[in-house]
Amino acid sequence: MLKDILQNIISKKKVIPFPEGFSVTADQAAKIVDFQGRIDKIFGRSLRIRQVDAGSCNACEWECTALTNPIYDIQRFGIDFVASPRHADVLLVTGPVSRQMELALKRTYIATPEPRLVVACGDCAKDGGIYKGSYAVTNGVANVVPVDCYIPGCPPTPTAILLGLSQLIDRCTR
Amino acid sequence: MKESVFRKAVSTREHRNEVYIEVRKEDFKDVCAQLHARQHARLRLMFATDERQKDGHFRVYVVFSAPGEDRFYFIVLPLAEQESSFPSITSVIPAAHWYEREISDMFGLVPHGHPDQRRLVFHESFPVRSHPLRKDWKIDESDIREWGEGTAVKVPHPFMEVEGEGIVEIPVGPVHAGIIEPGHFRFSAVGETIFFLEPRLFYTHKGTEKHFETLGFVEGIKLAERVSGTSSFSHGAAYCMAVEMMTGTEITEKASAVRTLLLELERLYNHIGDIGNMCAGTALAVGYMKGAVIKERLMHLNERLTGSRYLRGVNVVGGVTRDVFAHADDILKTLDIVTGEYKDLMQLLLGSVSHIERLQNTGRLSKDIASKLGVTGVAARASGLSDDIRKSHPHLLYDRLIFESHTHERGDVFARMMIRGEETECSISMIQALIESGYKGNLSVPVGAASAYSSALGYAETPRGSLFYWVMADREGKPLRVKLRSPSYCNWPAVPFAVHGNIVPDFPLCNKSFNLSYSGTDM
């Protein structure tokens, strides 16, 4: 920890003091700070996410919920989860997309105003994960709606989700 | 005992604490009704199997357990291939209502005399006369595409309609406002008061039981851990127990101790998180955030102990992969902090009149309805039913631990919160007690092969209630059938009864007080 701080001072990186328990390396933290600047620029300081459960086991949902707790406190980056897809910039989709959720996901996608970004969160959302090949799933979000970014992990930790979002913003600025 | 039941048996077989009693079709309903009414036996689960490769029969299994006895009674009804129905027992045992509809969807065996003949699992666009758990089932590409598109109505699903002056119908979901799982709710409200609620679930149906059959018993643990995220460890433990019982594998004392400890740790982080989440239902932001912080602290402990915030990857068939007792100091230290923070939280909550007033008398579930519907876990105990599988069927190290199974009589949201609170304290002391002694043995033992057509039951008490896995091997020792019954499956039908008469804005609060898993129900 002390070593990280020292390194930061030497390399003159701007790092947010993360609370205890937020396990990120100095480089990752710098990335998040950097990404906050970009959100400020592109999205007018606010990135709104609509989370859609398309057949996940609820672990990914609880990790998204954890992002809003005082430890991760995602709101301080200007990011928040919203109640309606009509208010959202990003659709964060979890789960392998079960057949019975396919229509609902498509409708949610259509209801999101353009320009919209889709993040497939978790191993299931990538290619079906452990559920790959089951008759009742579509083996990944990309088979239903176009995907801009994948966040791996089963479930991805809150830090991983945050870093995944930072990469998505990175891509937008290029 | 139970002579009258055994007298009607065609054949009986015992395996550990399981008694299989095969009966004739004409006796089936009577035997079940007798067990239920006279012996006060509780319906634990009900399922069908396709054993046509063995002897050309389908079989329907109804599993009961009687109070004060560590035994499970399986009433088995064989059905020849050409038979397409079995007598429904819903009229005498209402708790069977969902199981029977599920059997009808999955096997095409119609429960004769069931009051609700609609589909349960599959929605309107799933093909007619298509039953995935039949061994010879196939589905073609165009059908599966239409199912996904969801626009073709092949079997209509009419919702119950409430008519009358001032009745308003409010449809909600499947995509909700918060970060929660998908389900559709149809409220019929008079002004603000909920008169009737009909939930439509199974949006997250992933064909889990069928998928188990393709994975093999050893690989299956990965799937079991991903049935319901917040009870990952319980699902893993119950699944492993079932497979170990079937193959005759005795796990070591050490492995049992690790499983017991982690089961309690899982209960702990869920209960504290749930107590906090209930504050979100009453807009008490301080309580909600305090709960979230304690939960996060425990999630970090989980990660340090097992490498996974959801305790995944520890259970394997035959034992465990990690010795969490090596981190005993870390566990005790974290628990000390958590205990202090938890006491602060409870003091805050119980001292907030506005919060407590919202919880009291809200979402009442009567003991009568809870027992008729076979409600389990926290919801059952809050309604005065003592239902705790750790007490009634001691497994792992639960027979050595001293703990109370708390019950409350009121059945409201407040009672469900208090049950969680009491169990939180209980779990903390159980973990401390477990750490005090040393345990012998390796972490895991080699697993024997399953003999042809052997079967066994595994169970665990999840934070939500009792969980069952029943496994059966085929001729080659591969999975013929894996049946899982999550606690949420039993508790969902009780939610409409609990919210009846409450106002619509209190629905999220009632829902949070049950905190049911959609994914565990939908399978």
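Residues numbered from 1 in each chain as written. Chains lettered and ligands numbered in written order. Predicted model: local features only at pLDDT ≥ 70, side-chain atom pairs only at ≥ 80, totals over all residues.

Engineer: Even after reading the chapter, I still don't get the overall build of chain A, so can you show me in this structure?
Structural biologist: Within chain A one finds six helices and five strands. Listed N to C, the secondary structure of chain A is α-α-β-α-β-β-α-β-α-β-α in terms of helices and strands. Out of the 174 residues belonging to chain A, those deemed buried represent 48%. (Helix = DSSP H or I, 4+ residues; strand = E, 2+ residues; numbered from the N terminus. Buried ≥ 20, exposed ≤ 12 C-beta atoms within 10 Å, placed from the backbone.)

Engineer: Where do I start with the overall build of chain B in this structure?
Structural biologist: Helices and strands together make up the secondary structure of chain B, namely 20 helices and 15 strands. Taken over the C-alpha trace, chain B has a radius of gyration of 23 Å; the compact-globule value for 523 residues is 24 Å, and the two agree within 12%. Principal-axis analysis of the C-alpha atoms gives chain B an extent of 70 × 65 × 50 Å. For chain B, buried positions account for 52% of its 523 residues. Across chain B, contacts joining residues at least 24 apart in sequence account for 67% of those joining residues at least 6 apart. (Rg over C-alpha atoms; globule rule 2.2 N^0.38 Å. Contact = placed C-beta atoms within 7 Å.)

Engineer: Any chance you could explain the sheet that holds strand β4 (residues 57-65) of chain B here in plain terms?
Structural biologist: Within a sheet, each strand pairs with its neighbour through backbone hydrogen bonds, oriented either parallel or antiparallel. All names here are of chain B. Strand order in this open sheet of five strands is β1-β2-β5-β4-β3, and the pairing throughout is mixed. What marks the edges here is a single partner per strand, and that holds for β1 (11-15) and β3 (42-51). In this sheet, adjacent strand axes meet at a mean angle of 20 degrees when their direction is disregarded. Both β4 and strand β5 (residues 72-80) contribute to a ladder of eight bridges, which runs antiparallel. Looking across to β5, one finds that His-57 is bridged to Ala-80. (Pairing = 2+ DSSP bridges. Axes fitted to C-alpha atoms, helices over the stretch in contact; angles between N-to-C directions.)

Engineer: Help me understand the packing of helix α9 (residues 253-281) of chain B against helix α16 (residues 413-436) of chain B, please; the structure alone is not making it clear to me.
Structural biologist: Between two packed helices, the angle of one axis relative to the other and the distance separating the axes together describe the packing. Residues and elements named next belong to chain B. Two elements in contact, α9 and α16, have axes whose closest approach is 9 Å; the angle formed by their N-to-C orientations is 150 degrees. Taken together, α9 and α16 sit at an angle that is classed as roughly antiparallel. You can see that α9 and α16 cross each other, and the crossing is left-handed. Along the contact surface, α9 presents Ala-257, Thr-260, Leu-261, Glu-264, Leu-265, Arg-267, Leu-268, His-271, Ile-272, Asp-274, Ile-275 and Met-278, while α16 presents Met-417, Arg-420, Gly-421, Glu-423, Thr-424, Ser-427, Ile-428, Met-430, Ile-431 and Leu-434. In terms of residue class, the contact of α9 with α16 is built from twelve nonpolar, five polar and five charged. (Parallel < 35°, antiparallel > 145°, perpendicular 65-115°, else oblique. Left-handed = near helix turned anticlockwise from the far one by under 90°. Nonpolar A, V, L, I, M, F, W, Y, C, P; charged D, E, K, R; others polar.)

Engineer: Honestly, the environment of B:Ile419 in this entry has me stumped. Any pointers?
Structural biologist: All names here are of chain B. Inspection of the secondary structure assignment puts Ile-419 in helix α16. On the basis of neighbour count, Ile-419 is assigned to the buried category, with 23 C-beta atoms found within 10 Å. Between the C-alpha atom of Ile-419 and that of His-408, which follows or precedes it by eleven residues, the distance is 7.3 Å. Here Ile-419 is in contact with Val-378, Arg-381, Ala-382, His-406 and His-408, once residues within four sequence places are set aside.

Engineer: Sorry, what's going on with the nonpolar core here?
Structural biologist: Across soluble globular proteins, nonpolar side chains have a tendency to be buried as a group. A:Val93, B:Ala238 and B:Ala242 are the most contacted members of the largest nonpolar core, which has 198 residues in total. Of the residues forming this core, the biggest block, 13 residues, is contributed by α9(B). Apart from the residues within four sequence positions on either side, B:Ala238 is in contact with B:Gly458, B:Tyr459, B:Ala460, B:Leu467, B:Phe468 and B:Tyr469. (Core = buried A, V, L, I, M, F, W, Y, C linked by C-beta atoms within 7 Å.)

Engineer: Would you mind showing me how to read the sheet that holds strand β14 (residues 465-473) of chain B here?
Structural biologist: Residue and element names in this part refer to chain B. Taken together, three strands build an open sheet; the order of strands is β13-β14-β15 and the sheet is antiparallel. Each of the sheet's edge strands pairs with one partner strand only, and the pair in question is β13 (455-462) and β15 (479-485). Taking each pair of neighbouring strands and ignoring which way they run, the sheet shows an average axis angle of 15 degrees. In terms of strand pairing, β14 meets β15 through six bridges, oriented antiparallel.

Engineer: What is the right way to read the domain arrangement of chain B from this model?
Structural biologist: A common way to state how big an interface is: give the accessible area lost once the parts meet. Residues and elements named next belong to chain B. When cut into domains, chain B gives domain 1 (3-149), domain 2 (167-200) and domain 3 (208-353 + 390-401 + 423-486 + 503-512). Between the C-alpha centres of domain 1 and domain 3 the distance comes to 28 Å. Contacts between the two partners involve 14 residues from domain 1 and, on the opposite side, 16 residues from domain 3. Every element with two or more residues in the side of domain 1 that touches domain 3 is listed here: β3 and α3 (52-55). When its residues are assigned to classes, the side of domain 1 that touches domain 3 shows five nonpolar, four polar and five charged. (Domains from an automatic or database assignment.)

Engineer: Is there a simple way to think about the interface of chain A and chain B in this case?
Structural biologist: Chain A puts 39 residues into the contact, and the matching count from chain B is 40 residues. Put simply, the parts of the chain that give the side of chain A that touches chain B at least two residues each are β1 (47-53), α3 (59-67) and α4 (99-111) of chain A. For the side of chain A that touches chain B, the per-class residue count stands at 20 nonpolar, 15 polar and four charged.

Engineer: Would you mind going over unusual backbone geometry with me for this structure?
Structural biologist: Leaving glycine aside, a negative phi is the common case for residues, and trans is the common case for peptide bonds. All names here are of chain A. Here the bond from Glu-114 into Pro-115 is cis, since omega is -5 degrees, no more than 30 degrees from zero. Tracing the sequence through the fold places Pro-115 in the loop between α4 and β4 (117-121). Put simply, Cys-154 and Pro-155 share a cis peptide bond, and its omega is -15 degrees. Following the sequence through the fold, Pro-155 ends up in the loop between β5 (149-151) and α6 (158-173). The phi dihedral of Asn-139 falls on the positive side, at around 60 degrees, and the residue is not glycine. The topology assignment puts Asn-139 in the loop between α5 (123-127) and β5.

Engineer: For this particular structure, what's the right way to read the pairing of strand β3 (residues 90-94) of chain A?
Structural biologist: Note on strand geometry: in a regular strand, side chains alternate between the two faces of the sheet. Residue and element names in this part refer to chain A. Here β3 lies mainly inside the structure; five of its five residues are buried. The side-chain alternation of β3 yields two buried faces, one formed by Val-90, Leu-92 and Thr-94 and the other by Leu-91 and Val-93. In terms of strand pairing, β1 meets β3 through five bridges, oriented parallel. Residue pairing in the sheet places Gln-51 in a bridge with Leu-92 of β3. Two strands pair when backbone bridges link them, and β3 and β4 are joined in this way by five bridges, in the parallel orientation. Within β4, the position partnered with Val-90 by the bridge is Leu-117. Once you follow β3 into α4 and on to β4, the crossover reads as right-handed. (Right-handed = clockwise from strand over helix to strand, strands pointing away.)

Engineer: What is the right way to read the pairing of β1(B) from this model?
Structural biologist: Residue and element names in this part refer to chain B. Here β1 lies mainly on the outside; zero of its five residues are buried. In this sheet, strand β2 (residues 18-22) lies alongside β1 in antiparallel orientation, the contact comprising five bridges. The residue of β2 that forms the bridge with Glu-14 is Val-19. Where β1 folds back on β2, the antiparallel hairpin that results is connected by two residues, among which Arg-16 adopts a positive phi of roughly 50 degrees.

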